[in-house]
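Structure at a glance
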Amino acid sequence: MSDERHILLVSHTGRQDSIDAAVEVCDILHAADVTPVMPFDEYADVRRAEASVGKVDILGVDVQAEDLEIVIVLGGDGTILRAAELVRGTRAPIVGVNLGHVGFLAESERDGLTETVNRALSGAYHVEERVALQVDVVVGQETVYSSWALNEATIEKASRERMLEVVTEVDGRPLSSFGCDGVVVSTPTGSTAYSFSGGGPIVWPDVDAILMVPLSAHALFARPIVVGPDCTLAVEVLRRTSGVGVLWCDGRRAHDLPPGARVEVHRSPEPVRVARLKDAPFTDRLVAKFRLPVAGWRGPQRDDEYEQDPGTARGDQPGTAAEPGSSVGPVK
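Attention in this report is confined to the structure presented alongside it.

**As for the overall build of the chain**
Assigned secondary structure in the chain consists of eight helices and 20 strands. Seen through its principal axes, the chain has C-alpha atoms that stretch 65 × 60 × 35 Å. Put simply, the chain has 332 residues, and 48% of those count as buried. For the chain, long-range pairs separated by at least 24 residues make up 67% of all intrachain contacts whose partners lie at least 6 apart in sequence. Only carbon and sulfur atoms are counted for the fraction: they give 49% of the accessible area of the chain, which is about 16400 Å². Across the chain, the centroid of the 32 positively charged side chains sits 4 Å from that of the 50 negatively charged ones.

**So, the sheet that holds strand β16 (residues 233-237)**
Taken together, six strands build an open sheet; the order of strands is β9-β8-β19-β16-β11-β12 and the sheet is antiparallel. Two strands lie at the open edges of the sheet, namely β9 (142-149) and β12 (173-180), each paired on one side alone. For this sheet, the mean angle separating the axes of adjacent strands, direction not counted, is 20°. Where strand β8 (residues 133-139) and strand β19 (residues 262-267) come together, six bridges link them in antiparallel fashion. Bridge pairing links V135 to V265 in β19.

**Re the pattern of salt bridges**
Pairing is possible between side chains that carry opposite charge, provided their charged atoms lie close to one another. In this structure the tally under the stated criterion is 25 salt bridges. A salt bridge links D181 to K157; its shortest N-O distance comes to 2.9 Å. Of this pair, D181 sits in the loop between β12 and β13 (182-186) while K157 is found in strand β10 (residues 152-157), placing the two residues 24 residues apart along the sequence. Of the residues examined, K157 reaches a relative accessible area of 22% and is grouped as partly exposed. Here the salt bridges share partners, and the residues they tie into one network are E107, E128, R130, R276 and R285.

What counts as what
Residues numbered from 1 in each chain as written. Predicted model: local features only at pLDDT ≥ 70, side-chain atom pairs only at ≥ 80, totals over all residues. Heavy atoms only, no water. Helix = DSSP H or I, 4+ residues; strand = E, 2+ residues; numbered from the N terminus. Buried < 20%, exposed > 50% of the residue type's maximum accessible area, 1.4 Å probe, protein only. Contact = heavy atoms within 4.5 Å. Areas by Shrake-Rupley, 256 points an atom, 1.4 Å probe, with all protein chains shown as cover. Lys, Arg positive; Asp, Glu negative; His and termini not counted. Charge placed at Lys NZ, Arg CZ, Asp CG, Glu CD. Pairing = 2+ DSSP bridges. Axes fitted to C-alpha atoms, helices over the stretch in contact; angles between N-to-C directions. Salt bridge = Lys/Arg side-chain N within 4 Å of Asp/Glu carboxyl O.

This is the structure:
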């Protein structure tokens, strides 16, 4: 058996900064005597850009996904979702370096690239398992399509001028019917993505739950709901719908939904494995990614502070409060 190590590199090769970062990662891996692995289409993009990445194995040709040690992703959340798709069903964890805009799923930013690769090489990370969704489309009594999602499964109207008529269901019991633009069924990981844009709550990623968020619903009771991890949610496209719907899983995999189609969603038995380099609180990540205003925060006050000088403990003296627009404490 070969002792050769293989690390998959997935990057947004439509951007020059991602290609430059890929070259840098390959140089570090080669120096550590580790063979980089790339999907064929991304390797072809790098070659067309005349970038030199040295010896690279091709995923699915030279190396199978089951033989990967870890996946390093260079890009935004969309690139991370693509990487999760490539290694679905394997034990390889994913670590992301954000080269996009928000990058909620990424573990580090561009200036931390070298450290991230070195941590991946040395195994200096822990693996966090994220809830994923199993998604099935049923027409009549037949399951006609099956997929999965890390962020969300979205049932949407296919035509802008046509409203989608649906009825929602929890554990085999009807909840409500309404016309809408769509319905998002989300994981906690996806609560900061499409679900958030639709008005859903932010759920900490270590919470076992599934969210359902109606989109632009014409109904008095069409509020986001959060259910337990063992619940099964369903959305039926009513036969009175004048148009058709479409199912999107993570915005990457689609399937048409004719009137009468039923989308059933429950927790997948197979989570997505994410490599974490640090134990920064999720609150800090929210503050950093959304640039939330936290100026003036002093943290929990101790009783002895008030006993010594109540004015000082409140930050009443000049120079003790945070400057406007600044944040207090480390934000990772």
